[in-house]
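# Residue-level structure breakdown
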Amino acid sequence: MPPISKESVRHLQLGEEHAGQRLDNYLIKILKGVPRSHIWRIIRAGEVRINGKRVKAETRLHAGDSIRIPPVRTAERTLPAPTVPPRLFPIVFEDDALLVINKPAGVAVHGGSGVSFGVIEQLRQARPEARYLELVHRLDRDTSGLLMIAKKRSALVKLHEAIRAGTPQKSYLALGIGAWGDIRHVKLPLHKYTGAAGEKMVRTAADGQHAHTVFDVLERFDGGLLHRIGLSKLTLLRATLKTGRTHQIRVHMQSQQCPIAGDERYGDYQGNKRLQKIGLKRMFLHAEQLILAHPLSGEPLNLHAPLPAELDNLLLMLRNSQTIVD
């Protein structure tokens, strides 16, 4: 059995970065290792007080609140926590409320599911002076491009409201293996399930969640280099999300028999092997553009992340071969 430690009573003064957060969610974060059920119990018992008054678990916090936290028993860690190396990422936009970075492929946005740490943990290590850094949304590990991080809780709340309302416009560049047809709007519902190896998977299903992607053909590649490696056609698409479901673009492109090049989960295995011969070592999906109103000022933002060199070079190689461009 791990050793047990007991803390003394604490009195904490809340900063602006915690304003609007539920009391129970705040305590879960700061009392690491304490079961959620125990946190609810000490709140109900009146042992947690805000400004000297009894409160409920759903009570919203305000800047300047004084919180009394009673002694709690927590299991001390018997193993050291994994070391998180600090890392800075290319900045596309930053002010006192919002940070937008250009995430490289191959980096998870957060730890979990076999990953010890991700972008957000590395950013917190690289910016120890930052009082608040929280992911606004997610990108798949193998997807590069624009990723929003809130620097204030008020900004996070507003951005989540905007995302639920569907107002931010997020557009991606994707290279599909095959010829894209005439369809522009793909509105196939998506269902999440667990694969045979325990991995997160998604498929189209009538009883799934509503999902809508708008696709625009940018270029069609045919012949030349592709024929030499045993492929017939590739299609470069701009995919604009109208909803934000897990693996949405990847599964919608798979449904049209034009899976994303380099996609190991939903892609064309043989096609991916052939593209590796000409240098494609990752999934060709990049979050290129983000159009939104600033969460606090309302200022219109139109942000772009350039295509990574390895993807840009592949397109240049294809263009220098026999290419048909729409």
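Residues numbered from 1 in each chain as written. Predicted model: local features only at pLDDT ≥ 70, side-chain atom pairs only at ≥ 80, totals over all residues. Heavy atoms only, no water.

Threshold: UniProt positions are given in the numbering used here, feature names are shortened, and annotations may be inferred rather than shown by experiment.
The chain is annotated in an unreviewed UniProt entry as Pseudouridine synthase from Conchiformibius steedae. Taken directly from UniProt, the Sequence similarities (unreviewed entry) text for the chain runs: "Belongs to the pseudouridine synthase RluA family."

## Digging into the packing of aromatic side chains
We apply this condition: Stacked, tilted and edge-to-face are the three classes applied to pairs of Phe, Tyr and Trp rings, where Trp contributes its six-membered ring and a pair requires centres within 6.5 Å; stacked means planes under 30 degrees apart, edge-to-face means over 60, and tilted covers the rest. In DSSP terms, a helix is any run of H or I states spanning at least four residues, a strand is any run of E spanning at least two, and both are numbered starting from the N terminus. Only protein chains enter the accessibility calculation, which uses a 1.4 Å probe. A residue is then buried if its area is under 20% of the maximum for its type, exposed if over 50%, and partly exposed in between.
Applying the stated criterion to the full structure yields one aromatic pair. When the centroid spacing of 4.6 Å and the interplanar angle of 45° are considered together, the rings of tryptophan 180 and phenylalanine 215 count as tilted. Here the residue tryptophan 180 occupies a position in the loop between strand 11 (169-177) and strand 12 (185-186), and phenylalanine 215 occupies one in strand 15 (residues 213-222), the gap between them amounting to 35 residues. Side by side, tryptophan 180 and phenylalanine 215 carry an identical accessibility label, which is buried.

## Here we look at the UniProt feature "active site" (unreviewed entry) in the chain
Our working definition: Here, residues are in contact when the closest pair of their heavy atoms is within 4.5 Å.
Those places that UniProt annotates as "active site" (unreviewed entry) correspond, in this numbering, to Asp140. Looking at where aspartate 140 falls in the secondary structure, it is placed in the loop between strand 9 (134-135) and strand 10 (144-150). Once residues lying within four places of it in the same chain are set aside, the contact partners of aspartate 140 are Lys103, His247 and Arg250.

## A few points about helix 1 (residues 23-30)
Formally: Note that the arc is defined by the directions from the helix axis to the C-beta atoms.
Among all positions of helix 1, only Leu23, Asp24, Tyr26 and Leu27 are buried. Around the axis of helix 1, the buried residues are gathered within 160° of arc, so they sit on the same side. The inward-facing, buried residues of helix 1 contact strand 2 (10-13), helix 2 (36-44), strand 3 (49-50) and strand 5 (66-69).

## Looking at the domain arrangement of the chain
For an interface, size is often stated in terms of accessible area lost upon the parts coming together. Operational definition: Note: domain ranges come from an automatic or database domain assignment. A simple way to read buried area is as the amount of 1.4 Å-probe accessible surface that goes missing from two parts once joined, with both sides added.
Taken as a whole, the chain is organised into domain 1 (10-69) and domain 2 (91-324). Here domain 1 and domain 2 have C-alpha centroids that lie 37 Å from each other. Contact residues are listed per partner, giving nine residues for domain 1 and six residues for domain 2. A buried area of about 590 Å², summed over both sides, lies between domain 1 and domain 2, and 39% of it is on carbon and sulfur atoms. When the buried surface of domain 1 facing domain 2 is broken down by residue, Glu16, Glu17 and Lys29 rank first, second and third, together holding 69% of it.

## Focus: a positive patch on the surface
What counts is decided by this rule: Patch membership requires over 30% relative accessible area and the absence of a salt bridge. Like charges are linked within 9 Å, and nonpolar side chains (Val, Leu, Ile, Met, Phe, Trp, Tyr) within 5 Å. Areas reported here follow the Shrake-Rupley algorithm with a probe of radius 1.4 Å; residue values treat only the protein chains shown as occluding. By definition here, a salt bridge exists when the distance from a side-chain nitrogen of Lys or Arg to a carboxyl oxygen of Asp or Glu is within 4 Å. For the charge count, each Lys or Arg is scored as positive and each Asp or Glu as negative, with His and the chain ends excluded. Note on charges: their place is set at NZ of Lys, CZ of Arg, CG of Asp or CD of Glu.
Taken together, the side chains of Arg138, Lys192, Lys200, Arg245 and Arg265 present a region of like positive charge at the surface. Taking the relative accessible area as the measure of exposure, lysine 200 reaches 49% and is therefore partly exposed.

## What about helix 6 (residues 248-255)?
For helix 6, the buried fraction is high: six of the eight residues fall into the buried class. By the burial criterion, the buried members of helix 6 are Gln248, Ile249, Arg250, Val251, His252 and Met253. Phi turns positive one or two residues past the end of helix 6, at glutamine 257, with a value near 55°.

## Overview of the pattern of salt bridges
All chains considered together, the criterion is met by 13 salt bridges. For aspartate 96, the salt bridge goes to lysine 152, with nearest N and O atoms at 3.7 Å. With a gap of 56 residues between them, aspartate 96 in the loop between strand 7 (91-94) and strand 8 (98-103) and lysine 152 in the loop between strand 10 and helix 4 (153-165) connect regions that are remote in the sequence. Residue class for lysine 152 comes out partly exposed when judged on its relative accessible area of 22%. Between glutamate 310 and arginine 282 there is a salt bridge; the shortest N-O distance is 3.1 Å. One end of the pair, glutamate 310, is in helix 8 (residues 309-319); the other, arginine 282, is in the loop between helix 7 (269-276) and strand 17 (285-293), with 28 residues separating them in the sequence. A relative accessible area of 39% places glutamate 310 in the partly exposed class. Of the residues examined, arginine 282 reaches a relative accessible area of 11% and is grouped as buried. Linked by salt bridges that have partners in common, Lys29, Arg124 and Glu134 make up one network.

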